[in-house]
Amino acid sequence: MKKKPDLPWIEKYRPTSEKEIKGFTTNIKKIKEFLANFESKQKSGKQLKSPEKAILLEGPPGIGKTTVVYALANDLGYSVIEMNASDVRTEKAIVETLQESISTTDLMSFINPKKEHRKKIILIDEVDGISGQSDRGGLKAIISLIKISKNPIIMTCNFYSTKFRGLYDASTKIQCRSLRSVTIVNLLREIATKEKLTVNDTVLEAIAGNSGGDMRSAINDLQALAMGVFSDVEFLDLHRDIQEKIFTFLQAMFDQKTIKNAKDILSNIDFDYKILHQIIHANLPGLVTQTKDLHQVIMNLVDADTLMSRIMTRMDFSLLPYYFDLVSGGVILSVEKHTSDSSGRFKMPNLSSLQFRYASDATLEELQKYFYKSKPEIARTILPQIGEIICLYNDSEKTEKLDILAEEFGITSLELKKYLQDFQN
Amino acid sequence: MKDSFLLRLKYQPKTLDEIPGREEMVKDLKEMAKSNDIPHLLFTGPKGFGKLEMARLFAQYVLGEGYNSNCKIVYGSDPLTQAERDETRRLSYIPTSRVGSTAGRKFTWPAFIFSRIKPFVELKPISFNPYKILIIDDFHLLSDQQQGFRRLMERYSAYCRMIILTDQISSIIDPIISRCNIVFFNQIPYSAFEAKIGEVAKQENLKLRGNIPKTLYIATNANLNSAISYLQVGSLVNPEITPDTIYQITKDDFQENVGNLLRNALSLKTNSLRIPLSNIKKSGRFFNEIIEIMGEEVYNLPIVEIKKASILEMLSQIDFESVDARSEDLLLDNLVHNLIEIGVKLT
Ligand SMILES: Nc1ncnc2c1ncn2[C@@H]1O[C@H](COP(=O)(O)OP(=O)(O)OP(=O)(O)O)[C@@H](O)[C@H]1O
Ligand SMILES: [Mg+2]
């Protein structure tokens, strides 16, 4: 596997060959069959019908749809002409980008001169994006391109949508399922080894379970863990050196006398800035002792919190500099004296009561279909209620009831248990 | 379908007609549905009065078999998921390949509308329904994104009707109110509540002693779903449910803890804050509930009225500022420090 520094792990470890792809086996088989069929029919001069010329990989994010196309192309000697639906979304643009390459068997030599006689796969990624609001024509363009194409076309999309009806007729659909937990754990373990990261299997399993079968988010979580970014930290034991790193960083920041310097220190951090104010808050007792100072700092942090929430809900990143001003300058200027000799231990902010817990939560979404409450409400009122009921059964019945409930809601008992843990003890 | 193991789900009304105590409202809504052209609706009334239940069963009544594909429920209090954020960010960029003055520019979309509302309202209804129904719970939480609905409600009204739910009608902006027909929710009458509890008890062979329906009616503020859930818990605690059983399981020391926090902070007993604080955190209540209860406790403080007023002023200020904040630990800490500050002035 080729490694370049500074790539996010999801890119760094993106498989470049079929054998590096985890799981996904039946899908790979179908894609290979599709390519083989295309080639043999074309060679023997047989007429290909639309559904034989294009396949549509439909499935949730982060399971290898885009990856598999490149990996197979690499293994089988194709070059890939990609059209990414998020960049180009109008009919005209689609036609311009693809028409030339699609109707002739060897063109696009300007892209890859040496490989000019290679076979080609046309990849139309994220078809979902094409049929967006005003660009209805985009879909039409693709359908007609399938008709005239002399190259195999592979498309990907996330969700079934009635907008794709036309596409379904013109292509063969492959339904890709989310990956199994064990599959994800396997890859995570490999990556951890390569990164010289010591994490035990329970943590990996927790990450995998949490990802809902999305390899991308699992890898991201692992990297986050390694960097000190916390996605769902309650049950993840942070690495000791990272804790120390953060604590040292906080002390260094408090040593600064000017806003500028404090902010400069901040620009060197490599952990998730979204919860910086919460990290500072959790560690205040070890750093600031005077009540008066403490109050000032907290007021600044509340402002920072509000600001961050606005940034996140409105996606207004132009506000980000102010956030950094508040958590750096706003904080240090409020403190007359801080304790730097502190033998203090790094403390994790308590994120369990926060939006982070719900944010990516497929389980809560599942429960929502039954209880009709918002996710925070389900976490705060419904789950405790269920926990109470379960706990009133004796030990031998508990597991049975848990299973009954999990089955009723279409989630695994393990998942449900994770939520009910608080009530078990 | 198999009965749920949870009684609250098992006895959840499945159709409009099964909703206890709202016969009048149901009749009116059905009348409205006859015209085959319902207006946008706004349901308002306190939490737990069954607004969402009414809304979704009404949608089900109107859409029939099309309900699953043509009705969507969104929750104003659901935080955006990572995927929704990414999606918004990704689409906020207008590529340079586009011509016109917007090419290459970044836009700020109201993320909620963009990721949750638009994709639904833009699609024409599937199958034979003339329109879709979008139900938005806790609409007031959308604060200034409410503006974005003005256009949506008009532009897509040809095939999408909205039912907006809120327990704070004063926070709904006027242009939205003017686009909706308002339906007010009151507490359901005791007789209907009592009848339903009786029915559940009979079906489940529960032994009730004393006036359980009344106890539940008061304890849950007439919320049948919670009441039925308490019945289930009660029956497991005690084979024969008495009012005492109900008191025991609905007992809530939240108010007591909030009161202790208030008094200890004001009297600068900083060492005695830890216990009420951790109990409050454990209770899992929302920050605004803490403020609300604390406000009630202020009246009982043994201090002169004018000082109470200054505390209340501080609370309202904090409440106001907390609307957009996310970290409740931080808010709580801030509250305590504000109380201590007032406490210092008091002594
Ligand atoms: N089956 C897999 N085996 C190994 N790595 C995988 C697998 N699936 C995903 N990954 C990792 O996740 C990353 C993202 O995968 P990919 O881009 O193929 O997702 P996708 O299915 O196309 O998702 P989307 O629909 O969101 O584009 C890859 O770079 C790779 O690191
Ligand atoms: Mg992809």
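Please read these numbers as outputs of a predicted model, since none were measured by experiment.

Section: the overall build of chain A
Thinking step 1. Check the secondary structure of chain A and you find 21 helices and five strands.
Thinking step 2. Classification of the 425 residues of chain A by burial places 52% in the buried group.
Thinking step 3. Surface summary for chain A: the accessible area is close to 19900 Å², and the carbon and sulfur share equals 52%.

Remarks on the pattern of salt bridges
Thinking step 1. Counted under the stated rule, the structure contains 20 salt bridges over all chains.
Thinking step 2. Linking Lys260(A) and Asp264(A) is a salt bridge whose minimum nitrogen-to-oxygen distance equals 3.0 Å. Taken as a pair, Lys260(A) and Asp264(A) lie in helix α13 (residues 259-266) at a separation of four residues, close to a single helical turn.
Thinking step 3. On the basis of relative accessible area, Asp264(A) is assigned to the partly exposed category, the value being 34%.
Thinking step 4. Lys10(B) is paired through a salt bridge with Glu204(B); the nearest N and O atoms lie 2.6 Å apart. Taken as a pair, Lys10(B) in helix α1 (residues 7-10) and Glu204(B) in the loop between α9 (190-203) and β6 (207-208) lie far apart in primary sequence, 194 residues in all.
Thinking step 5. Classification of Lys10(B) by relative accessible area gives partly exposed; the value is 24%.
Thinking step 6. A cluster of three or more residues bridged by salt bridges with shared partners is formed by Glu39(A), Lys43(A) and Lys119(A).

A word on unusual backbone geometry
Thinking step 1. Positioned with a positive phi, Tyr372(A) is a non-glycine residue whose angle comes to about 50 degrees.
Thinking step 2. With respect to the secondary-structure elements, Tyr372(A) resides in the loop between α18 (362-371) and α19 (375-391).

A word on helix α15 (residues 287-299) of chain B
Turn by turn, an α-helix covers 3.6 residues, leaving residues three or four places apart pointing in a common direction.
Thinking step 1. Burial in α15(B) covers these residues: Phe287(B), Ile290(B), Ile291(B), Ile293(B), Met294(B), Gly295(B), Glu297(B) and Val298(B).
Thinking step 2. In this structure, the buried residues of α15(B) make contact with α13 (254-266), α14 (274-283), α16 (305-321) and α17 (328-346) of chain B.

Re α14(B)
Residue and element names in this part refer to chain B.
Thinking step 1. Within α14, burial applies to Pro276, Leu277 and Ile280. Buried positions in α14, seen along its axis, are confined to an arc of 100 degrees and lie on one side of it. Exposed residues on α14 whose side chains face more than 90 degrees from its buried face are Arg274, Ile275 and Lys282.
Thinking step 2. Packing partners of the buried residues in α14 comprise α13, α15 and α17.

Some remarks on the site of ligand 1
Residue and element names in this part refer to chain A.
Thinking step 1. Close to ligand 1 lie 19 residues; Ile10, Lys22, Lys65, Thr66 and Thr67 are nearest.
Thinking step 2. Taking Gly62, its main chain carries an N or O atom lying 2.8 Å from an oxygen atom of ligand 1.
Thinking step 3. Relative to its unbound accessible surface of 640 Å², ligand 1 loses 96% to contact with the protein.
Thinking step 4. Looking at the shell around ligand 1, the elements that each hand over two or more residues are α4 (65-76) and α11 (215-227).
Thinking step 5. Taken together, the residues of the shell around ligand 1 sort by class into ten nonpolar, five polar and four charged.
Thinking step 6. If you count residues domain by domain, the shell around ligand 1 takes at least three from each of domain 1 (24-175) and domain 2 (181-238).

Basis of the calculations
- Residues numbered from 1 in each chain as written.
- Chains lettered and ligands numbered in written order.
- Predicted model: local features only at pLDDT ≥ 70, side-chain atom pairs only at ≥ 80, totals over all residues.
- Heavy atoms only, no water.
- Helix = DSSP H or I, 4+ residues; strand = E, 2+ residues; numbered from the N terminus.
- Buried < 20%, exposed > 50% of the residue type's maximum accessible area, 1.4 Å probe, protein only.
- Areas by Shrake-Rupley, 256 points an atom, 1.4 Å probe, with all protein chains shown as cover.
- Salt bridge = Lys/Arg side-chain N within 4 Å of Asp/Glu carboxyl O.
- Contact = heavy atoms within 4.5 Å.
- Arc of directions from axis to C-beta.
- Near = heavy atom within 4 Å.
- Polar contact = N/O pair within 3.5 Å; in protein donor to acceptor, adjacent residues only side chain to side chain.
- Nonpolar A, V, L, I, M, F, W, Y, C, P; charged D, E, K, R; others polar.
- Domains from an automatic or database assignment.

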